[in-house]
Amino acid sequence: MIRLEHVTKVYGETVAVNDLSIEIEKGEVCILIGPSGCGKTTTLRVTNRLLEPTSGHIFIDGRDICQIRPERLRRSIGYAIQSVGLFPHLTVAANIATVPELLHWGKDDIARRVEELLILVGLNPVEYAWKYPSQLSGGEAQRIGVARALAADPPILLMDEPFGAVDPLTRERLQAQFIRIQQELKKTVIMVTHDLDEAIRLADRIAIMELGRLVQYDTPETILSRPANKFVHDFVGTDRALKRLSRIGIGNFIRPCPSVKTSDSIKEVAAAIGSRRSVWVVNDEGRPIGWIDQSRLSESVTARETIFSGDIHEIALTNQATLREALSRMLGQGFKSIPVVDDKARLIGEITLHDVEAATADGEA
Ligand SMILES: Nc1ncnc2c1ncn2[C@@H]1O[C@H](COP(=O)(O)OP(=O)(O)O)[C@@H](O)[C@H]1O
Ligand SMILES: [Mg+2]
């Protein structure tokens, strides 16, 4: 859907983008990544004609964009940038409405769209529509920036470090939200980041750039398992195997596991534990509430007196989680297995360290 052909952009002595050819499929997320100054922002800006390339061509749906008027082109391309660029003297609602206003949408349509977008990015319209940018946190401002880019429902979204200026926790939430929104809207996205974990998490394909050139363009899995050259190898770092785990859902690794109830006798608990080190304890709804270690078995007469309830809710994973999250829980808690729950928080099985290790080893092969 978007195709760059031999695009070069020169500033005086600097070749900001050097003979870049790349194709982004409809509905895919392409993430440009590479060291500062490698030409990521310039690539985005030639794609919506904020800049004209020195040479080369860019096609959208087969049409050379130099034949499309820039204003018209930009209506089909949402643009969100790190510094957000919200108009400080306009309310959140007015900021989001910028492009629909330019397109002379009706008042009611605009109001409806603003409300819909605020809900989409997880902000309560009643609370946020009338705020001014100075009253927003960094993360909220970024979400408004994304809402504004989506306002006229463009099929294409260009995002330049959209989650760059926020703390790691907020960043993670924004990423999760982006994944959810993208699953729903299926835009064609080119996003710039300098954060490899972010690229691995969000991208269908990653384009690694160095000094204006495209070095490798592949799925995250391939970038991690088969780096094209030493530059990519060094760029993705020594923990490639771990990074790969963040692309693998735990779904295929969930094993059935025994569980007991607090009313069970020690004999029943012992039978459930068998040769295991511990067993999960569930309540009447089947939700995990703790665990029992084998070493405690002799001390008590019922499960109730033996249970560790710890932070079971912090430990359990949902079946949406990745192997990387499973591993970090295991390392964080010192557990060799982690319970997995369904969307009603009921125990459905567990993930074991052994299986995570096996998955890691596969990637190294
Ligand atoms: N307007 C400009 N004038 C001169 N040089 C520029 C201009 N914009 C970018 N550059 C140079 O082009 C190169 C690529 O810049 P940019 O695309 O912003 O990189 P990135 O976004 O990957 O950090 C850099 O060396 C930068 O200094
Ligand atoms: Mg940049």
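Above this note sits the structure.
Throughout this description, residue numbers start from 1 for each chain and increase along the sequence as written. For this description, chains carry letters from A and ligands carry numbers from 1, given in the order in which they are written. Side-chain atom pairs in this predicted model are given and counted only at pLDDT of 80 or more, local residue features only at pLDDT of at least 70, and totals for whole chains, interfaces and linings cover all residues. The basis for every side-chain value is the complete set of non-hydrogen atoms in the structure, without hydrogens or water.

Chemist: How would you sum up the packing of aromatic side chains? Please name residues and give values.
Modeler: Stacked, tilted and edge-to-face are the three classes applied to pairs of Phe, Tyr and Trp rings, where Trp contributes its six-membered ring and a pair requires centres within 6.5 Å; stacked means planes under 30 degrees apart, edge-to-face means over 60, and tilted covers the rest. This model, assessed by the stated rule, comprises five aromatic pairs. When the ring of tryptophan 280 is compared with that of tryptophan 291, the centres are 6.5 Å apart and the planes differ by 75°; the resulting orientation is edge-to-face. Separated by eleven residues along the polypeptide, tryptophan 280 in strand 12 (residues 278-282) and tryptophan 291 in strand 13 (residues 288-293) bring together distant segments of the chain. Tryptophan 291 shares its class with tryptophan 280; the two are buried. Measuring from ring centre to ring centre gives 6.2 Å for tryptophan 280 and phenylalanine 335, while their planes differ by 35°; the resulting arrangement is tilted. Every helix listed is a DSSP run of H or I at least four residues long, and every strand listed is a run of E at least two residues long, numbered separately from the N terminus. Here's how the labels work: a residue is buried when its accessible area is under 20% of the maximum for its type, exposed when over 50%, partly exposed in between, all with a 1.4 Å probe on protein chains only.

Chemist: So, the sheet that holds strand 1 (residues 2-11): which residues are in play, and what are the values?
Modeler: As summarised here, the arrangement of the four strands in space is 2-1-4-5, forming an open sheet in which the pairing is antiparallel. On the outer flanks of this sheet lie strand 2 (14-24) and strand 5 (63-64), each paired with one strand and no other. Whether two strands pair comes down to DSSP finding at least two bridges between them. Alignment of strand 4 (residues 55-60) against strand 5, held across two bridges, turns out to be antiparallel. Across the sheet, phenylalanine 59 pairs through a bridge with aspartate 64, a residue of strand 5. It only takes one pair of heavy atoms within 4.5 Å for two residues to be counted as in contact. Every angle, taken between N-to-C directions, lies between 0 and 180 degrees, and every axis is a line fitted to C-alpha atoms, over only the stretch in contact when it is a helix. Strands strand 1, strand 2 and strand 4 of the sheet are contacted by helix 1 (residues 40-47), whose axis makes an angle of about 120° with strand 1.

Chemist: So what's going on with the site of ligand 1? Which residues, and what values?
Modeler: One heavy atom within 4 Å of a molecule or strand makes the whole residue count as near it. Residues in close proximity to ligand 1 include Tyr11, Thr14, Ala16, Ser36, Gly37, Cys38, Gly39, Lys40, Thr41 and Thr42, which together make up its full environment. One of the backbone nitrogen or oxygen atoms of cysteine 38 is found 3.2 Å away from an oxygen atom of ligand 1. Polar contacts, as used here, are pairs of N or O atoms within 3.5 Å; protein pairs need one atom able to donate a hydrogen and one able to accept it. Residues neighboring in sequence count only if both atoms are side-chain atoms. Between an oxygen atom of ligand 1 and a main-chain N or O atom of glycine 39, the distance comes to 3.0 Å. Computed on the free molecule, ligand 1 has an accessible area of 560 Å², of which 58% lies beneath the protein chains in the complex. At the level of secondary structure, the elements contributing two or more residues to the shell around ligand 1 comprise strand 2 and helix 1. In terms of residue count, helix 1 provides more of the shell around ligand 1 than any other element does, three residues in total. Under the convention adopted here, Pro, Cys and the residues Ala, Val, Leu, Ile, Met, Phe, Trp and Tyr are nonpolar, Asp, Glu, Lys and Arg are charged, and Gly plus all remaining residues are polar. Here the residues of the shell around ligand 1 sort into three nonpolar, six polar and one charged. Here the Shrake-Rupley method, with its probe set to 1.4 Å, supplies the accessible areas, and only the displayed protein chains count as covering residues.

Chemist: So what about the packing of helix 7 (residues 138-150) against helix 8 (residues 168-185)? Which residues, and what values?
Modeler: Running from N to C, helix 7 and helix 8 cross one another at 20°; their axes reach a closest spacing of 11 Å. Comparing the axis directions of helix 7 and helix 8 gives the class roughly parallel. Crossing of helix 7 against helix 8: the hand is right-handed. Along its contact with helix 7, which presents Gly139, Gln142, Arg143 and Leu150, the element helix 8 presents Thr170, Leu174, Gln177, Ile181 and Leu185. Tallied by class, the residues present in the contact of helix 7 with helix 8 amount to four nonpolar, four polar and one charged. Roughly parallel means an angle under 35 degrees; roughly antiparallel means over 145; roughly perpendicular covers 65 to 115; every other angle is labelled oblique. By convention the crossing between two helices is left-handed if the near helix lies anticlockwise of the far one by an angle smaller than a right angle, and right-handed if it lies clockwise.

Chemist: I'd like a description of the environment of alanine 207, backed by residues and values.
Modeler: Residue placement: alanine 207 occurs in strand 9 (residues 205-210). Residue class for alanine 207 comes out buried when judged on its relative accessible area of 0%. Expressed as a C-alpha distance, the spacing of alanine 207 and serine 337, which sit 130 residues apart in the sequence, is 36 Å. Discounting residues that sit within four places of it in the chain, alanine 207 has contacts with Ile22, Cys30, Ile31, Leu32, Ile33, Leu214, Gln216 and Tyr217.

Chemist: Tell me about helix 8, and please be specific about residues and values.
Modeler: Helices are assigned an expected span. That span is 1.5 Å times one less than the residue count. When the terminal C-alpha atoms of helix 8 are compared, their 25 Å separation across 18 residues agrees well with the 26 Å that a helix rising 1.5 Å per residue should span. Along helix 8, the residues classified as buried are Thr170, Arg171, Leu174, Gln175, Gln177, Phe178, Ile181 and Gln182. On its buried face, helix 8 is in contact with strand 3 (29-33), helix 5 (107-120), helix 7, strand 7 (156-160), strand 8 (188-192) and helix 9 (196-202). Where helix 8 terminates, the next one or two residues include lysine 186, which has phi positive at roughly 50°.

Chemist: Which residues make up the sheet that holds strand 11 (residues 259-261), and what values go with them?
Modeler: Here we have three strands laid out as an open sheet, ordered 11-12-13, and mixed in their pairing. In the strand order of this sheet, the two ends are held by strand 11 and strand 13, each with one partner. Each adjacent strand pair in this sheet contributes to an overall mean axis angle of 40°, direction not counted. Taken strand by strand, helix 13 (residues 266-273) contacts strand 11, strand 12 and strand 13, and its axis lies near 120° from that of strand 12.

Chemist: Pulling in residues and values, what's your account of the side chain of arginine 143?
Modeler: Residue placement: arginine 143 occurs in helix 7. The charge count includes Lys and Arg as positive and Asp and Glu as negative, but it does not include His or the ends of the chains. One speaks of a salt bridge when a side-chain nitrogen belonging to Lys or Arg is within 4 Å of a carboxyl oxygen belonging to Asp or Glu. Within the buried core, arginine 143 has no salt-bridge partner, and the shortest N-O distance to an opposite charge, that of glutamate 140, equals 5.3 Å.

Chemist: Break down the pairing of strand 3 for me, with residues and values.
Modeler: Here strand 3 lies mainly inside the structure; five of its five residues are buried. On strand 3, burial covers both faces: Val29, Ile31 and Ile33 on one face and Cys30 and Leu32 on the other are all buried. Bridging between strand 3 and strand 8 involves four bridges; their strand directions are parallel. Note on strand 8: the bridge partner recorded for cysteine 30 is isoleucine 190. Two elements, strand 3 and strand 9, share four bridges in a ladder whose sense is parallel. When the sheet's bridge partners are listed, isoleucine 31 is paired in strand 9 with isoleucine 206.

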